[in-house]
Amino acid sequence: MKYIIYLVYLNRFIFGATIILYATIFLGLMAQIILGGFQLLTAIFLMFLYNRINQSRIQQQIIYWCFVIAYGLLWFLDLINPNSDFYGFVFYILIPLSIAGFFTFILESIREENEN
C-alpha cells in the first residue's frame, strides 16, 4: 500500500491550501469544495482496501461516513438555513472543516500503520 503515502501528501497539500485560502473567505469556500471531493473519492477508494486496514481505522471510517451522510442530508433536506453570521460560520466552515480534519487524522493513522 505504498500509494497511500501519495494520497496523504495530496490531502495535506489541499487541506493546508484550504486553511490558508480562508484568509480570503470566498476562495477558502471554493477550496473546501475541492477538499471535500478529494476526501470523498479517497474514502471510497479506502473502502476497497477493507481487508488491508486495521479494524479501528475501519470503525473510524464508518464514523466519518456517518458524519458525511448526516451533513449531506441536512443540506439536501434544506435544514441548514442559517439566519446569522455565526450559524453561517458554523454550518459552512466549521463543521465541514472538522469533518475534513477527522478524515485527515484517519488517513495519517493509516499511513503510520503501514510504515511500521
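Here the structure is a predicted model, which is why all the values come from computation and not from measurement.

Rules of the game
- Residues numbered from 1 in each chain as written.
- Predicted model: local features only at pLDDT ≥ 70, side-chain atom pairs only at ≥ 80, totals over all residues.
- Heavy atoms only, no water.
- Helix = DSSP H or I, 4+ residues; strand = E, 2+ residues; numbered from the N terminus.
- Buried < 20%, exposed > 50% of the residue type's maximum accessible area, 1.4 Å probe, protein only.
- Axes fitted to C-alpha atoms, helices over the stretch in contact; angles between N-to-C directions.
- Parallel < 35°, antiparallel > 145°, perpendicular 65-115°, else oblique.
- Left-handed = near helix turned anticlockwise from the far one by under 90°.
- Contact = heavy atoms within 4.5 Å.
- Nonpolar A, V, L, I, M, F, W, Y, C, P; charged D, E, K, R; others polar.
- Phe/Tyr/Trp six-rings, centres within 6.5 Å; stacked < 30°, edge-to-face > 60°.
- Core = buried A, V, L, I, M, F, W, Y, C linked by side-chain atoms within 4.5 Å.

Engineer: Give me the environment of Ala70: which residues, what numbers.
Structural biologist: Summarising the element assignment, Ala70 is placed in helix α3 (residues 55–76). On the accessibility criterion, Ala70 (41% relative accessible area) is partly exposed. Residues Ala70 and Gly16, 54 residues apart in the sequence, show an inter-C-alpha distance of 25 Å.

Engineer: Provide a residue-level description of the packing of helix α2 (residues 26–47) against α3, including the pertinent values.
Structural biologist: In the contact formed by α2 and α3, the axes pass within 12 Å of each other and the chain directions differ by 140°. In terms of axis orientation, α2 runs oblique to α3. Here α2 and α3 pass one another in a crossing that is left-handed. Between α2, through Gln39, Leu40, Ala43, Ile44, Leu46 and Met47, and α3, the contact on the second element is made entirely by Gln61, Tyr64, Trp65 and Val68. Its residues placed into classes, the contact of α2 with α3 shows 8 nonpolar, 2 polar and no charged.

Engineer: Give a description of the packing of aromatic side chains that names residues and reports values.
Structural biologist: Across all of its chains, the model carries 6 aromatic pairs by this definition. With centroids separated by 6.1 Å and ring planes inclined at 75°, the aromatic side chains of Phe67 and Phe102 adopt a geometry described as edge-to-face. Residue Phe67 is located in helix α3, and its partner Phe102 is located in helix α4 (residues 85–115); the two are separated by 35 residues in the primary sequence. Pairing Trp75 with Tyr92 gives two aromatic rings, centres 5.5 Å apart and planes at 40°, and the pair type is tilted.

Engineer: Can you lay out the packing of α2 against α4 for me, pointing to particular residues and giving the numbers?
Structural biologist: Between α2 and α4, the shortest axis-to-axis distance is 11 Å and the interhelical angle comes to 40°. Compared by their axis directions, α2 and α4 come out oblique. You can see that α2 and α4 cross each other, and the crossing is left-handed. Residue-level contacts link Leu29, Gln32, Leu35, Gln39, Thr42, Ala43 and Leu46 of α2 to Tyr92, Ile93, Pro96, Leu97, Ala100, Phe103, Thr104, Leu107 and Ile110 of α4.

Engineer: Can you explain the nonpolar core? Please cite residues and give values.
Structural biologist: Ile4, Leu46, Ile53, Tyr64, Phe103 and Ile110 are the most contacted members of the largest nonpolar core, which has 23 residues in total. Among the elements that line this core, the one with the most residues is α4, at 8 residues. With residues up to four places along the chain from it excluded, the contact list for Tyr64 reads Gln39, Leu40, Ala43, Ile99, Phe102, Phe103 and Ile106.

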